[in-house]
Amino acid sequence: MIGLISATAAGTAARDRLAAAWPDRTRVYEGPVGDAVRAAFAECEQLVCFLATGAVVRLLAPLLGDKTTDPGVVCVDEGGRFAVSLVGGHGGGANELAVAVGELLDAQPVVTTATDATGVAGLDTLGLPVEGAVAAVSRALLDGEPVVLDTEVSWPLPPLPVAAEGSHVIRVTDRAAQPSEREVLLRPPSLVVGVGASKGAPAEEVLGLIEDALRDAGLSVRSLAELATVDAKSDEPGIVEAARRLGVPLVTHSAAELAAVEVPNPSDAPLVAVGTPSVAEAAALAEGGELLVPKRKSARGDGHASMATCAVVRRPARGRLAVVGLGPGARDLLTPRARAELRRASVLVGLDQYVDQIRDLLRPGTRILESGLGAEEERARTAVAEARRGQAVALIGSGDAGVYAMASPALAEASDDIDVIGVPGVTAALAAGAILGAPLGHDHVSISLSDLHTPWEVIERRVRAAAEADLVVTFYNPRSRGRDWQLPKALAILAGHREPTTPVGVVRNASRPDESSRLTTLAALDPATVDMMTVVTVGNTATRDIAGRMVTPRGYRWQEAAS
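Residues numbered from 1 in each chain as written. Predicted model: local features only at pLDDT ≥ 70, side-chain atom pairs only at ≥ 80, totals over all residues. Heavy atoms only, no water.

(A) Representation of the overall build of the chain in the model. Summing up its helical and strand segments, the chain has 19 helices and 28 strands in all. Each principal axis of the C-alpha distribution contributes one length, and for the chain these read about 95 × 70 × 55 Å. Counting over 563 residues, the chain shows a buried share of 46%. The contacts in the chain between residues at least 6 apart in sequence include a share of 64% that link residues at least 24 apart. Element-wise, carbon and sulfur atoms account for 51% of the exposed surface of the chain, whose accessible area totals about 26,200 Å². Charge-centre separation for the chain: the mean point of 54 positive side chains lies 2 Å from the mean point of 70 negative side chains. (Helix = DSSP H or I, 4+ residues; strand = E, 2+ residues; numbered from the N terminus. Buried < 20%, exposed > 50% of the residue type's maximum accessible area, 1.4 Å probe, protein only. Contact = heavy atoms within 4.5 Å. Areas by Shrake-Rupley, 256 points an atom, 1.4 Å probe, with all protein chains shown as cover. Lys, Arg positive; Asp, Glu negative; His and termini not counted. Charge placed at Lys NZ, Arg CZ, Asp CG, Glu CD.)

(B) Focus on helix H6 (residues 134–142). Looking only at H6, the buried set comprises Val137, Ser138, Ala140 and Leu141. Down the axis of H6, the buried side of the element spans an arc of 155°, and every buried residue falls inside it. The exposed set on the far side of H6, more than 90 degrees from its buried face, consists of Ala135 and Arg139. Once H6 finishes, Gly144 follows within two positions and takes phi at roughly 75°, a positive value. (Arc of directions from axis to C-beta.)

(C) Structural context of the packing of helix H17 (residues 456–468) against helix H18 (residues 486–495). For the pair H17 and H18, the least separation of the axes is 9 Å and the interaxial angle reads 30°. With respect to each other, H17 and H18 are oriented roughly parallel. H18 is crossed by H17, and the crossing has right-handed handedness. Contact with H17, carried on its side by Trp456, Glu460, Val463, Arg464 and Ala467, involves Gln486, Lys489, Ala490, Ile493 and Leu494 of H18 and no other residues of that element. Of the residues that constitute the contact of H17 with H18, the class distribution is six nonpolar, one polar and three charged. (Axes fitted to C-alpha atoms, helices over the stretch in contact; angles between N-to-C directions. Parallel < 35°, antiparallel > 145°, perpendicular 65-115°, else oblique. Left-handed = near helix turned anticlockwise from the far one by under 90°. Nonpolar A, V, L, I, M, F, W, Y, C, P; charged D, E, K, R; others polar.)

(D) Seen up close, the packing of aromatic side chains. Applying the stated rule across the entire model yields two aromatic pairs. Centroid distance Trp456 to Trp485: 5.1 Å. Interplanar angle 70°. Geometry classified as edge-to-face. Taken together, the residues span a long stretch of sequence, with Trp456 in helix H17 and Trp485 in the loop between strand S23 (472–476) and H18 at a distance of 29 residues. When the ring centre of Trp22 is taken as reference, the NZ or CZ atom of Arg25 above it lies at 4.2 Å. (Phe/Tyr/Trp six-rings, centres within 6.5 Å; stacked < 30°, edge-to-face > 60°. Lys NZ or Arg CZ within 6 Å of the ring centre and 35° of its normal.)

(E) Representation of the sheet that holds strand S12 (residues 224–230) in the model. A sheet is described by the order of its strands in space; here five strands give the open sequence S13-S12-S11-S15-S14, paired in mixed fashion. Of all strands in the sheet, those with a lone pairing partner are strand S13 (250–253) and strand S14 (290–297), marking the two edges. Here the strands of the sheet are splayed against their neighbours by 25° on average, with no regard to which way each runs. Pairing of S12 with S13 involves four bridges; the strand directions are parallel. Within the sheet, the bridge partner assigned to Val230 lies in S13 and is His253. Of the strands in this sheet, strand S11 (191–197), S12, S14 and strand S15 (308–314) touch helix H7 (residues 203–216), which is tilted by about 40° from S15. On top of the sheet, helix H8 (residues 237–246) reaches S11, S12 and S13; it is set at about 175° to S12, its chief contact. (Pairing = 2+ DSSP bridges.)

Right under this line is the structure:
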């Protein structure tokens, strides 16, 4: 919950705007400001104070305890010009909150956290448990001192400006190690514990078995990702409670699934009880990985038989491939999600001219793999291969990466061993349509006239079908030096079904500094004026030129009434 506090009429007006926009996330605190701040600080995860920063500092000073538990606090000035991340920038989420508040209130977010200001990924913002000398290693990164990244366990981290040698170390490990005075340990969720238990097994016995198994193997409980068991034990109280206390999900598998998993220590007892020769080992290994701790039983000191078993597996890191559409070129048409993925990726793969567009948005330490025109399939293979190595990869394309771009070849290469995230972008047809007016107001189709990968016979059949169906048609890749006859042929097909006066929009370099556009007709369009940087949109029989804008109505009734 976000506590909202104000003192003046102007602050209250801004406060109420925020409360109206986030009704389920916010709580307004009335009354004397000091009492309101103290109450919100005790009850909320975050605060937004519509007060002077000096006043808030004095009110907060006696309340501050630990930056890992204190709420994040944002101050908004009386004029609504700035949203200042004051306390808890990382741990309390105040930096992100300042940005969100700024967007909502049209205020400038002010973030002074050093890592955010310089673009270096904060070690405490990577989404992993962190131990050790966070401040010292962060300072070394900021000062440009050599910091070594030691990945005992591969994990798809954001980019970090690291070196081959240095006195400061970032170690990615699931081992129960103690960090040195110049070392940070990042704990990836790489461990899965499979659990079996007799009916009524106490939670203390299950929990003690798991903790003993991890400790004896030299593994950190902070890298535990989940407990896994058979469906029949999904509501076994001792297992459920152990997962709750460990703060991890309980994942279950059917007996048939577990019976198909090859294990080193099968047994007849679980086969009779739940229908699989292994529960602990099979559940831990159900999604693959390396068996670190074979099945072991709990030890009971009261002379009774063991009631629980467990096994520990280290799962390989799943690489992350984000296929990112950059939009048509203008920076303000690059989506916030695309920006976030560019900063999230430690490896960027793309066409050299597209890389140049967004190079300034990348974090320090990003590895860039760029190539020229004609290497689309090679870029797709490279991106997938890097993701399979456990990297966080962004594969970029112009417009929307799923429209005549990199998503298709990349997903043709990718299998289910990596995570794939699609990030939509503003594609050329949409950018051109917005410039022309509303040509895509009714059913429409996009067709590429490039026959490099698609036989012309197929393209022609599609153009003819669109003509017969009276669809608005947007032509991508309409004409190049080596392909100068396809566009005239396509236009001739459309002309067989539409009037010569049918509006045609021509947009070149949509949204870029040298953008140009014109509205002409099917009869008047000169194909020689079109090139590969151009999008050609041909209207249907209802499309009209209205005040110099190309408009295709959603329905035809208003036209019939006007005629």
